[in-house]
Amino acid sequence: MITYNSEKVKMPDIKRRETSTWIRRVAATYQKKIGEVGYLFCDDEHILEVNREYLGHDYYTDIITFDYCEDEVLNGDLVISLDTVRSNAELFGKTYDEELHRVIIHGILHLCGINDKGPGERELMEAAENKALALLRE
């Protein structure tokens, strides 16, 4: 089950059923199934609190992924700052909607085992994001 909630922000205007179907399709391309995945949309201040409390990081980010996966079943909590999504959309010359979907799937790709911190990993993540976003447009 995929759930969508918000904290201190208006829920983004996403088509939940369509988005959930897309997420399941992307997971299936990695031979994974969706278990319990929860999205929490929030503002910059809330994600900073989460970053400090759970990860010991003192900076803003667009998404934090908490991974509770078991074998091929994806379970996790994904916290997304809509403030950072909005500023990144401007920074990267994308629409808010495009950037929001990129971040939504970014967390799922982390749950599928794709990382983006080590040498060459960012490029692999970007390629995976682009492939996943292409599935959304089909």
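Residues numbered from 1 in each chain as written. Predicted model: local features only at pLDDT ≥ 70, side-chain atom pairs only at ≥ 80, totals over all residues. Heavy atoms only, no water.

1. Considering the sheet that holds strand β1 (residues 2-6)
What the 4 strands build is an open sheet, ordered β1-β2-β4-β3; its pairing is mixed. Bordering the open sheet on either side are β1 and β3 (63-67), each of which pairs with just one other strand. On average, each strand axis in the sheet is tilted by 15° relative to the strand beside it, whichever way the strands run. Of the strand pairs in this sheet, β3 and strand β4 (residues 73-81) are connected by 5 bridges, and their pairing is antiparallel. Counterpart to Thr-65 in the pairing with β4 is Leu-78. Against the sheet, helix α2 (residues 44-55) makes contact with β2 (33-42), β3 and β4, and its axis sits at roughly 40° relative to β3, the strand it touches most. Of the strands in this sheet, β2 and β4 touch helix α3 (residues 82-92), which is tilted by about 75° from β4. (Pairing = 2+ DSSP bridges. Helix = DSSP H or I, 4+ residues; strand = E, 2+ residues; numbered from the N terminus. Axes fitted to C-alpha atoms, helices over the stretch in contact; angles between N-to-C directions. Contact = heavy atoms within 4.5 Å.)

2. So, the side chain of Thr-19
Mapped onto the fold, Thr-19 is located in helix α1 (residues 16-29). With near-sequence residues (within four places) excluded, Thr-19 lies in contact with Tyr-4, Ile-14, His-101 and Ile-104.

3. Structural notes on unusual backbone geometry
For Lys-8, which is not a glycine, the phi torsion comes out positive at approximately 65°. Turning to its location among the elements, Lys-8 is positioned in the loop between β1 and α1. In this model, Gln-31 sits at a positive phi of 55°, which is unusual for a non-glycine residue. Tracing the backbone shows Gln-31 in the loop between α1 and β2. According to the relative accessible area criterion, Gln-31 is exposed, its value standing at 62%. (Buried < 20%, exposed > 50% of the residue type's maximum accessible area, 1.4 Å probe, protein only.)

4. As for the nonpolar core
In terms of nonpolar packing, the biggest core is built from 32 residues, with Trp-22, Ile-23, Tyr-39, Phe-41, Ile-80, Ile-104 and Ile-108 touching the most fellow members. For this core, the elements supplying multiple residues, two or more each, are β1, α1, β2, β4, α3, α4 (96-111) and α5 (121-137). Counting residues per element, this core draws most heavily on α4, at 7 residues. Setting aside chain neighbours within four positions, we find Phe-41 in contact with Tyr-4, Asn-5, Ser-6, Glu-7, Val-9, Met-11, Pro-12, Ile-14, Ile-80, Leu-82, Leu-100 and Ile-104. In terms of nonpolar packing, the next biggest core, distinct from the first, is built from 6 residues, Cys-42, Ile-47, Ile-64 and Phe-66 among them. (Core = buried A, V, L, I, M, F, W, Y, C linked by side-chain atoms within 4.5 Å.)

5. Considerations on the pairing of β2
In terms of residue burial, β2 counts as a mostly covered element, since 7 of its 10 residues are buried. Pairing between β1 and β2: 5 bridges, direction parallel. What sits directly across from Ile-2, in β2, is Val-37. As paired strands, β2 and β4 are joined by 8 bridges and run parallel to one another. Residue pairing in the sheet places Lys-33 in a bridge with Val-73 of β4.

6. Focus on α5
Counted at 1.5 Å a residue, the expected span for α5 with its 17 residues is 24 Å, and the 25 Å between its end C-alpha atoms agrees. Those residues of α5 lying buried are Met-125, Ala-128, Glu-129, Ala-132, Leu-133 and Leu-135. Looking straight down α5, one finds that the buried residues subtend no more than 150° of arc, so they occupy a single side. Along α5, exposed side chains directed more than 90 degrees from the buried face belong to Glu-123, Lys-131 and Arg-137. (Expected span 1.5 Å × (residues − 1). Arc of directions from axis to C-beta.)

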